[in-house]
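# Observations on the three-dimensional arrangement
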Amino acid sequence: MGNDIIIQLNNLSKQFDGTTVVDNLSLSIKKGEFVTFLGPSGCGKTTTLRMIAGFEIPNQGTILLNGADITKLPPYQRPVNTVFQRYALFPHLDVYDNIAFGLRLKKVDVKTTLENGKIVIEHRKYNADEIDDKVLNALKIVDLEDFEDRDVTTLSGGQQQRVAIARAIVNNPEILLLDEPLGALDLKMRKEMQLELKEMHRKLGITFIYVTHDQEEALTMSDTIVVMKDGVIQQIGKPADIYNEPINAYVANFIGESNIYNATSLGPNKLRFLGATLNTTHKYPANEKLDVILRPEDLYLVEPGLGFVDGIVASRVFKGVHYEYILMVGKSDVVVQDVHNYEVGHKYGITFDADDIHIMEKEFSENEYEEAWINDRNQLVISDAVFDVDVTQLIAGSKLDDNNYLIGPKGIKYNLKDYEVTAEIPFTAIEFNGNADDGQVRGHIIQSVWKGDHYQIIARTSEEEDYVADTEYTYEVGTEVGINVDASKIKLKVRGNLSDHEV
Ligand SMILES: Nc1ncnc2c1ncn2[C@@H]1O[C@H](COP(=O)(O)OP(=O)(O)OP(=O)(O)O)[C@@H](O)[C@H]1O
Ligand SMILES: [Mg+2]
C-alpha cells in the first residue's frame with residue numbers, strides 16, 4: 001500500500017435484516033483527496049459513510065486508516081468528523097458555543113515544547129485561549145468571521161450549514177465526511193456553497209469524503225467520483241473520465257444527459273440501432289447485444305438523408321447557449337444540442353463523429369422495453385405484441401373500477417389509454433414454441449448461447465423487438481418460433497406523465 005493512501009475499504013459488506021445494502025465494496029482513498037459517492041437514493045452511500053465514521057460495523061470486510069485496522073474502533077477514537085444534511089445545531093447556543101461545545105468536553109494530549117526544547121505531554125482539557133484560537137480559526141475557514149455572537153436561529157440555511165462545518169473541522173479531523181450537506185439548501189445557495197466547500201477543502205488540505213445523489217454537484221467538486229448502484233461500485237474515476245468514458249449504460253445515464261439505445265452487432269465493424277446500420281470499429285461478434293450511448297452535445301443536425309438517420313423535430317427549447325431539440329426517429333426520441341435554430345415539425349438528418357459514439361456490452365438481467373405503452377383495454381403494447389398485464393402496479397394502492405379506469409389511493413381517476421411505460425420481462429418469464437402460430441407474437445431465433453446450465457436465446461420479431469429467454473431447450477438459429485410471455489411476471493414502470501391521464 002502506498003504511503004499516500006489514507007483510508008482503504010476492503011471487501012466491505014453490510015446487511016440489515018438479511019438484506020445486503022453494501023456489497024463487497026473495495027476502495028482506496030488518497031490523503032487530501034476529494035472523493036464523492038454518487039448514486040440514487042438507497043444505494044448505500046450513507047451506510048458506507050457511517051462505516052467509515054464508526055457508527056456502523058460492517059458484516060464483512062475491513063477498514064484501514066493509514067494502514068491500521070479501525071474496522072471496530074468506536075467513532076470517537078477515529079480522526080473523522082461528519083457533517084450531516086440537517087445541521088443539528090443547538091438552538092439555545094450562539095455560534096461560538098455551538099462550535100466550542102465539543103472542544104470543551106474533550107480531553108486531549110496537549111504537547112508543549114519547553115524553552116529547553118523538552119516536549120511535555122499533558123492529558124487535560126483545552127483552556128479558554130486554546131478554544132478561542134480554534135473556534136476563530138474555524139469561523140475564518142467557513143467565512144463566518146464576526147458571527148460568533150449570533151444566535152444560530154437567526155442564521156440562513158447556508159450560514160447554519162457553515163456553522164455545522166466549522167463544528168466538524170474544529171477538531172482537526174484527518175477526514176471530513178459530508179453526507180448531502182447541501183441537500184436542504186435552495187439551488188442558488190447550493191451552487192455558492194459548492195464552490196466554498198471546494199475552497200475549504202483546498203485551505204484545509206485534508207481528505208473530504210462527500211455523498212450526493214446530484215451528478216452535477218459530483219462533477220463540479222470531486223477529484224474522484226465513485227458511482228454506486230444497489231450497494232455495488234459501478235465505476236471509480238475522475239469526473240471527466242466518468243463523463244466521457246462511462247463503463248456501462250447505468251453510469252452514462254446517471255452522469256449527464258444521454259441518448260441510450262439498444263444495439264445489436266452485425267459482426268465486427270457493423271452495428272444496428274435506431275433502425276439503421278453504422279460502420280464502426282467495434283469488435284463484438286454478430287448478434288451481441290450492446291448499448292450505444294450518444295451525448296446530446298455530440299449530435300448535429302444536417303439535411304435530411306445526409307446523417308445517420310432522419311428524425312422529425314418534436315420540440316425545441318432555448319437553453320441560453322444552445323437549443324435543445326427532441327427528434328423522433330420512429331418511436332425513439334433523440335436529444336440533440338445544437339447552436340443553430342431549426343424548425344419544429346421539420347425533418348433533419350442526425351449525425352455525429354465516429355469517435356463520439358460509446359458502445360458497451362449490455363448487462364443482462366431482464367428484457368427492458370422503453371417504448372411500450374398501454375392501449376384502450378389496459379393491455380401492454382410492445383411494438384406488434386399485446387399482453388394482458390396488471391396495470392394497478394403503476395400506482396401503489398390503486399385499483400380498476402367497473403369502467404376500467406384506474407383509481408389511485410386518493411380517488412384520482414386515470415384513463416391509461418396511450419400511456420407510455422417501461423416494461424421489464426425477466427428472461428425466465430419467456431418461452432418459445434416451435435410452432436410459430438402458438439405464440440403471442442412471432443419471431444425467429446437469432447442467437448443461442450449455452451450458459452453452463454441453460455440456454456440464453458434471443459428471438460427477434462419482424463418489428464426488430466428482441467426477446468431474450470433463459471430456456472432448457474434450444475432452437476436452431478433462423479427457426480421461426482412463437483414467443484410466449486408469462487404476463488403476470490411483467491413489471492411496468494411509469495414513464496409518461498400520469499397527471500396527463502387524469503379524468
Ligand atoms: N439501520 C438500518 N436498518 C435497516 N435498513 C437500513 C438501515 N440503514 C439503512 N438501511 C437501508 O439500507 C439501504 C441503503 O441505505 P443508505 O441510507 O445507505 O442509502 P443512501 O444511498 O444514503 O440513500 P439516500 O440518498 O436516500 O440517503 C436502504 O434500503 C435503507 O433503507
Ligand atoms: Mg443517505
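Quick caveat: nothing in here was measured; it's all calculated off a predicted structure.

### Observations concerning the overall build of the chain
The number of helices and strands found in the chain is eight helices and 35 strands. C-alpha extents for the chain along the principal axes are approximately 95 × 55 × 55 Å. Evaluated residue by residue, the chain yields a buried proportion of 30% over its 503 residues. For the chain, the proportion of contacts with a sequence separation of at least 24, taken over those separated by at least 6, is 64%.

### Side note on helix α4 (residues 157-169)
Look at α4: 19 Å from first C-alpha to last across 13 residues, which is about the 18 Å you get at 1.5 Å a residue. Counting buried positions over the 13 residues of α4 gives 10, a clear majority of the element. For α4, the secondary structure elements touched by its buried residues are β6 (80-83), α2 (95-105), α3 (128-141), β9 (175-179) and α5 (187-204).

### Section: helix α1 (residues 45-53)
When we look at burial in α1, the residues that qualify are Lys45, Thr46, Thr48, Leu49, Met51 and Ile52. Gly54 occupies a position one or two residues after α1 and carries a positive phi of about 100°.

### What about the site of ligand 1?
The environment of ligand 1 is formed by Phe16, Asp17, Val21, Gly39, Ser41, Gly42, Cys43, Gly44, Lys45, Thr46, Thr47 and His213. Here the element with the most residues in the shell around ligand 1 is α1; it accounts for three residues. Partitioned by chemical class, the residues of the shell around ligand 1 number three nonpolar, seven polar and two charged.

### Considering the sheet that holds strand β23 (residues 366-374)
With antiparallel pairing, the five strands of this open sheet are ordered in space as β25-β24-β23-β29-β35. Strands with a single pairing partner mark the edges of an open sheet, and in this sheet they are β25 (385-388) and β35 (491-494). Averaged over all pairs of adjacent strands, the angle between their axes in this sheet comes to 40°, without regard to strand direction. Pairing geometry for β23 and strand β29 (residues 420-426), over six bridges, is antiparallel.

### As for unusual backbone geometry
Positive phi values are uncommon outside glycine, yet Asn269 reaches one of about 75°. Within the element layout of this structure, Asn269 appears in the loop between β13 (259-265) and β14 (270-273). In this structure, Asn378 is a non-glycine residue whose phi angle is positive, near 60°. Inspection of the secondary structure puts Asn378 in the loop between β23 and β24 (379-382). Exposure remark for Asn378: the 19 C-beta atoms within 10 Å place this residue in the partly exposed category.

### A look at the domain arrangement of the chain
Looking at the assigned domains, one finds that the chain contains domain 1 (1-79 + 173-256), domain 2 (90-166), domain 3 (257-361) and domain 4 (366-501). Taken residue by residue, the interface counts 10 residues in domain 1 and seven residues in domain 2.

### Describing the environment of Val80
Its location among the elements puts Val80 in strand β6. Residue classification places Val80 among the buried residues on the basis of 24 C-beta atoms within 10 Å. Among residues more than four places away in sequence, those in contact with Val80 are Ile52, Ala53, Pro173, Ile175 and Leu177.

### With respect to the environment of Glu199
In this fold, Glu199 is placed in helix α5. Accessibility expressed as a C-beta count within 10 Å gives 12 for Glu199, which makes it exposed. Once the C-alpha coordinates of Glu199 and Cys43 are considered, the two residues, 156 residues apart in sequence, prove to be 28 Å apart.

### Some words on the pairing of strand β32 (residues 455-460)
Two elements, β32 and strand β33 (residues 466-471), share six bridges in a ladder whose sense is antiparallel. Residue pairing across strands places Ile457 opposite Ala469, the latter belonging to β33. Counting the residues between successive antiparallel strands, the hairpin from β32 to β33 contains five residues, one of them, Glu464, with a positive phi of roughly 60°.

### Quick word on the sheet that holds strand β17 (residues 299-302)
Overall, antiparallel pairing links the five strands, which are arranged β17-β21-β18-β19-β20 in an open sheet. The sheet is open, and its two borders are formed by β17 and β20 (332-338), each paired with just one other strand. Recorded for the sheet is a direction-independent mean angle of 45° between the axes of neighbouring strands. Bridge count between β17 and strand β21 (residues 347-352): four bridges; the pairing is antiparallel. Within β21, the residue paired with Leu299 across the bridge is Phe352.

### Considerations on the packing of α2 against α3
Two packed helices can be described by the angle between their axes and the distance between those axes. Contact geometry for α2 and α3: axes closest at 10 Å, N-to-C directions at 130°. Classified by the angle between their axes, α2 and α3 sit oblique to one another. Between α2 and α3 lies a crossing of right-handed hand. Taking contact as the criterion, the partners of Tyr96, Ile99, Ala100, Leu103 and Arg104 in α2 are, on α3, Ile131, Lys134, Val135 and Ala138. Its residues assigned to classes, the contact of α2 with α3 comprises seven nonpolar, no polar and two charged.

Basis of the calculations
Residues numbered from 1 in each chain as written. Chains lettered and ligands numbered in written order. Predicted model: local features only at pLDDT ≥ 70, side-chain atom pairs only at ≥ 80, totals over all residues. Helix = DSSP H or I, 4+ residues; strand = E, 2+ residues; numbered from the N terminus. Buried ≥ 20, exposed ≤ 12 C-beta atoms within 10 Å, placed from the backbone. Contact = placed C-beta atoms within 7 Å. Expected span 1.5 Å × (residues − 1). Near = placed C-beta within 6 Å. Nonpolar A, V, L, I, M, F, W, Y, C, P; charged D, E, K, R; others polar. Pairing = 2+ DSSP bridges. Axes fitted to C-alpha atoms, helices over the stretch in contact; angles between N-to-C directions. Domains from an automatic or database assignment. Parallel < 35°, antiparallel > 145°, perpendicular 65-115°, else oblique. Left-handed = near helix turned anticlockwise from the far one by under 90°.

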